[in-house]
Amino acid sequence: MADTAHSLEGKVAIVTGGASGIGFATALLTAGAAGVTLVDLKEDALSSAVSSLALSEAHAARVLTVGGDVSEESTAETYVRQTVERFGRVDVSVQCAGISLPSANVVDLDIDDWDRTIRVNLRGVFLGVKHSLRAMLASPSGGKGCSVVLMCSQLGLEGYPGSSAYAASKFALRGLMASVATEVGPSGIRVNAVCPGPIDTPMLAGFSAPGHTTKGNIKRAGQPEEIANAVLFFASEAGSYCSGTTLKVDGGWSKWC
Ligand code: NAP
């Protein structure tokens, strides 16, 4: 029997960073959704992502792509508005777009790199959360049953050398998540965060953490779908009693930092 509780069956979902890595793996789990909007920086990356999803004709008809920089408010307004215009509402918002710039100790950290990291990883998520919630609250259900998932990081739970800007952005996301969860929880909207360890994506390829794939209890990097499954838990009815929660999915890596 199909596990309808642990699925996006009938829901309308937005996934930022949907052209690559964890966002793309999340998009792969949206087969039964009533609508899916994939947002990413580059239109061509979105087009090839949608091609490689190898969607059925029916599923493809329920996928919308929106290119843009998530740290611009106009992008967040646009992807939420277009989702509502096309699919009628927003039930799920997965805020996955993010960047990790080359490692630098704080004494050498360029102010522009600091600003860019905070801009994309924190301001971009704030804007996505703000506009997604506005649409959820304005729906006939007033948001009941809706879910917002923030892609945080194990480096949002502990420090790591050379990662101060990235870690600051991810620690701040947990503060955003915890506060917003209290604001919209009474309307029936759940807000939660996933904190992945090292996951085998293009981002990890550029991250200089020596031995990161041989640390942890499991002694390997995670796969994007192992994080997408955690996203699906929070996004679906399977996580119906989770609000303001942070789930660490790191193969036991963090205690080895
Ligand atoms: P990824 O494969 O690089 O995917 C991130 C996607 O976000 C890329 O398609 C990227 O586009 C896009 N993006 C970047 N900046 C954007 C912007 N300003 N506007 C719109 N889209 C933008 O990385 P990932 O590993 O899947 O990371 C997804 C999330 O997981 C991130 O928030 C990351 O911090 C978090 N995370 C990852 C790991 C890991 O080990 N991989 C661990 C913990 C947390 P471009 O490729 O064009 O830049």
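Our subject in this report is the structure included herewith. Every value quoted in this text rests on a predicted model; they were computed, and no experiment measured them. (Residues numbered from 1 in each chain as written. Predicted model: local features only at pLDDT ≥ 70, side-chain atom pairs only at ≥ 80, totals over all residues. Heavy atoms only, no water.)

1. What to know about the site of the ligand
- The immediate surroundings of the ligand are formed by 28 residues, with S20, I22, K42, Y166 and T201 found nearest.
- At 2.6 Å, a side-chain N or O of S20 approaches an oxygen atom of the ligand.
- Contact distances for the ligand include 2.5 Å between an oxygen atom and a side-chain N or O atom of T201.
- Summarising the interface, the protein chains cover 89% of the accessible area of the ligand, which totals 890 Å² for the free molecule.
- Every element with two or more residues in the shell around the ligand is listed here: α1 (21-27), α6 (164-184) and α7 (202-205).
- For the shell around the ligand, the element with the most residues is α7, which contributes three residues.
- By residue class, the composition of the shell around the ligand is 16 nonpolar, eight polar and four charged. (Near = heavy atom within 4 Å. Polar contact = N/O pair within 3.5 Å; in protein donor to acceptor, adjacent residues only side chain to side chain. Areas by Shrake-Rupley, 256 points an atom, 1.4 Å probe, with all protein chains shown as cover. Helix = DSSP H or I, 4+ residues; strand = E, 2+ residues; numbered from the N terminus. Nonpolar A, V, L, I, M, F, W, Y, C, P; charged D, E, K, R; others polar.)

2. Here we look at the sheet that holds strand β4 (residues 92-95)
- Spatial strand order, β3-β2-β1-β4-β5-β6-β7: seven strands in an open sheet with parallel pairing. Both outer strands of the open sheet, β3 (63-67) and β7 (246-249), are each paired with one neighbouring strand and no more. Across the sheet, the mean angle separating the axes of adjacent strands is 15 degrees when strand polarity is ignored.
- In this fold helix α4 (residues 73-87) packs onto β1 (12-16), β2 (35-40), β3 and β4, with an angle of close to 160 degrees to the strand it touches most, β3. (Pairing = 2+ DSSP bridges. Axes fitted to C-alpha atoms, helices over the stretch in contact; angles between N-to-C directions. Contact = heavy atoms within 4.5 Å.)

3. Focus: the nonpolar core
- Formed by 35 residues in total, the largest nonpolar core has its most connected members in Y79, L133, V148 and L150.
- Every element with two or more residues in this core is listed here: β1, β3, α4, α5 (111-138), β5 (147-151), α6 and β6 (190-196).
- Examining the composition of this core, we find that seven residues originate from one element, α5, more than from any other.
- Discounting chain neighbours no more than four positions away, the residues touching L150 are Q95, V125, V129, L173, L176, M177, N192, A193 and V194.
- Judged by nonpolar contacts, the second largest core, of 29 residues, contains C96, V194, I227 and A235. (Core = buried A, V, L, I, M, F, W, Y, C linked by side-chain atoms within 4.5 Å. Buried < 20%, exposed > 50% of the residue type's maximum accessible area, 1.4 Å probe, protein only.)

4. Observations regarding the packing of aromatic side chains
- Scanning the entire structure with this criterion turns up two aromatic pairs.
- Their ring planes at 35 degrees and their centres at 5.9 Å tell us that Y160 and W253 sit as a pair that is tilted. With a gap of 93 residues between them, Y160 in the loop between β5 and α6 and W253 in the segment after β7 connect regions that are remote in the sequence.
- Using a relative accessible area of 3% as the deciding quantity, one classes W253 as buried.
- Judged by centre distance (5.6 Å) and plane angle (50 degrees), the ring pair of F233 and F234 falls under tilted.
- Residue F234 is classed as buried on the basis of its relative accessible area, which comes to 1%.
- The ring of F171 is capped by R174, whose NZ or CZ atom sits 5.4 Å from the centre of that ring. (Phe/Tyr/Trp six-rings, centres within 6.5 Å; stacked < 30°, edge-to-face > 60°. Lys NZ or Arg CZ within 6 Å of the ring centre and 35° of its normal.)

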